[in-house]
Amino acid sequence: MREPLLEVVVLSPADALAAVAGGADRVELVTDMAADGLTPDPAVFRAVRNAVEVPVRVMVRRTAGFARGASPDALRADAAELWAAGAREFVGGWLTEDGAVDVEACHAVFGGLPDGAWTFHRAVDHARDRAEAWRLIGGLPGVDTVLTSGAREGVGAGAAILASQLDATGPERDRSGEHGDPDGHDRSGGLAAAPRVLVGGGLRLDHVPQLRAAGADAFHIGTGARDGGWSGPVDPERVRVWHDAVHRPL
């Protein structure tokens, strides 16, 4: 059975160290949370990568919102620069003007990476057709995780949708499969049917037991790890509370 996963959003090496001290299994590195998280400087990525041993996923995103905000070539250059800095795991994903998954951009940015794994982030919750979006995401190269709250408004509104989706896919039928590791990679050399569901976006601690009972085993937090919102640092004690809730035996 796959181990649960707690991912914490970090902005700096200090954040990453605090998150890991509290029990984070993985961190997502971004900058500028006023724009909901953009691509960080490669030097910051290197510092975070050198500071912690847990997996580090790094955002590829030029502007707020879920449109590309830049050409695929520019976004691909950002990803390549991070790859050159040592990044092997990424976060991204875009929608077209009419709300469909921007398959062309996703292929252009991530399809050329030699062996990168990545998370399609909450753009899925803003797609015009959720079922179609999931089908298209499942065919993208390298994507092994989807960050979702089940609804635009957040987990509070989307919990029932998440439970239904988890029931349909099941934690053992996603891309980590029987050959997977706790970070969601498939060691068999291929990918199974569906990306892992990473629950986040308006997630509260009291949501976790219900979602775990429904089959969720991966959770993503940002301000929940901080005292004072994004202006405050990651608090290891807050992360520990989340870690214990996520990892508590069912």
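Residues numbered from 1 in each chain as written. Predicted model: local features only at pLDDT ≥ 70, side-chain atom pairs only at ≥ 80, totals over all residues. Heavy atoms only, no water.

Draft legend 1. Spatial organisation of the packing of helix α1 (residues 13-22) against helix α8 (residues 236-247). For the pair α1 and α8, interaxial distance at closest approach is 7 Å and the crossing angle is 45°. Put simply, α1 runs oblique to α8. The interaxial crossing formed by α1 with α8 has right-handed handedness. Residue-level contacts link Ala 18, Ala 19, Ala 21 and Gly 22 of α1 to Pro 236, Val 239, Arg 240 and His 243 of α8. When the residues that make up the contact of α1 with α8 are grouped by side-chain class, the tally is 5 nonpolar, 2 polar and 1 charged. (Axes fitted to C-alpha atoms, helices over the stretch in contact; angles between N-to-C directions. Helix = DSSP H or I, 4+ residues; strand = E, 2+ residues; numbered from the N terminus. Parallel < 35°, antiparallel > 145°, perpendicular 65-115°, else oblique. Left-handed = near helix turned anticlockwise from the far one by under 90°. Contact = heavy atoms within 4.5 Å. Nonpolar A, V, L, I, M, F, W, Y, C, P; charged D, E, K, R; others polar.)

Draft legend 2. The pattern of salt bridges, seen in detail. The full count for this structure, using the stated rule, is 15 salt bridges. Residue Arg 130 pairs with Asp 125 through a salt bridge whose shortest N-O separation is 2.8 Å. Asp 125 sits in the buried class, given a relative accessible area of 6%. For Asp 217, the salt bridge is made with Arg 196, and the minimal N-O distance between the two is 3.3 Å. Of the two residues, Asp 217 sits in the loop between α7 (208-214) and β8 (218-221) while Arg 196 sits in strand β7 (residues 196-199), which places them 21 residues apart along the sequence. In this structure, a network of salt bridges that share partners links the residues Arg 2, Arg 196 and Asp 217. (Salt bridge = Lys/Arg side-chain N within 4 Å of Asp/Glu carboxyl O. Buried < 20%, exposed > 50% of the residue type's maximum accessible area, 1.4 Å probe, protein only.)

Draft legend 3. Spatial organisation of helix α5 (residues 130-137). Taken together, the buried positions of α5 are Arg 130, Ala 133, Trp 134 and Ile 137. Along the axis of α5, the buried positions cluster into a sector of 95°, meaning they face one direction only. Exposed and oriented more than 90 degrees from the buried face of α5 are Ala 131 and Arg 135. One side-chain oxygen at the N-terminal end of α5 lies 3.1 Å from the backbone nitrogen of Ala 131; it belongs to Asp 129. (Arc of directions from axis to C-beta. Polar contact = N/O pair within 3.5 Å; in protein donor to acceptor, adjacent residues only side chain to side chain.)

Draft legend 4. The packing of α1 against helix α2 (residues 42-51), seen in detail. Between α1 and α2, the least distance of the axes is 9 Å, while the angle of their chain directions is 30°. What the angle tells us is that α1 and α2 run roughly parallel. By crossing handedness, the relation of α1 to α2 is classed as right-handed. Side by side, α1 and α2 meet where Pro 13, Ala 16 and Leu 17 of the first sit next to Ala 47, Val 48 and Ala 51 of the second. Grouping the constituent residues of the contact of α1 with α2 by class yields 6 nonpolar, no polar and no charged.

Draft legend 5. Spotlight on the packing of aromatic side chains. Inspection of the entire model under this criterion finds 4 aromatic pairs. Geometrically, the ring pair formed by Trp 94 and Phe 110 is stacked, given 5.9 Å between the ring centres and 15° between the ring planes. Of this pair, Trp 94 sits in the loop between β4 (89-92) and α4 (103-110) while Phe 110 sits in helix α4, placing them 16 residues apart in sequence. The buried category is assigned to Phe 110, whose relative accessible area is 3%. Ring centres of Phe 110 and Trp 118 lie 4.2 Å apart, and the angle between their planes is 20°; on these two criteria the pair is classed as stacked. Both residues of the pair, Phe 110 and Trp 118, belong to the buried class. The rings of Phe 90, Trp 94, Phe 110, Trp 118 and Phe 120 are connected pair by pair, giving a single aromatic cluster. In this structure, Arg 88 packs its charged tip against the face of Trp 83, placed 3.7 Å from the ring centre. (Phe/Tyr/Trp six-rings, centres within 6.5 Å; stacked < 30°, edge-to-face > 60°. Lys NZ or Arg CZ within 6 Å of the ring centre and 35° of its normal.)

Draft legend 6. Examining the nonpolar core more closely. By size, the foremost hydrophobic cluster in this structure holds 61 residues, and its most contacted members are Val 8, Val 60, Phe 90, Phe 120 and Val 199. Sequence-distant contacts of Val 199, that is, excluding residues within four places in its chain, are made with Leu 147, Thr 148, Val 155, Leu 162, Leu 211, Ala 216, Ala 218, Phe 219 and His 220. Core analysis: the second largest hydrophobic core is formed by 5 residues, Val 30, Met 33, Met 59 and Val 91 among them. (Core = buried A, V, L, I, M, F, W, Y, C linked by side-chain atoms within 4.5 Å.)

Draft legend 7. Representation of the side chain of Thr 39 in the model. By the secondary structure assignment, Thr 39 is in the loop between β2 (26-29) and α2. Here the side chain of Thr 39 touches Met 59 through a polar contact of 3.3 Å, landing on its backbone oxygen. Here Thr 39 is in contact with Thr 31, Met 59, Val 60, Arg 61, Asp 78 and Leu 82, once residues within four sequence places are set aside.

Draft legend 8. Fine view of the pairing of β8. With burial as the criterion, each face of β8 is covered, one bearing Ala 218 and His 220 and the other bearing Phe 219 and Ile 221. In terms of strand pairing, strand β1 (residues 5-10) meets β8 through 4 bridges, oriented parallel. Across the sheet, Val 8 pairs through a bridge with Ile 221, a residue of β8. (Pairing = 2+ DSSP bridges.)

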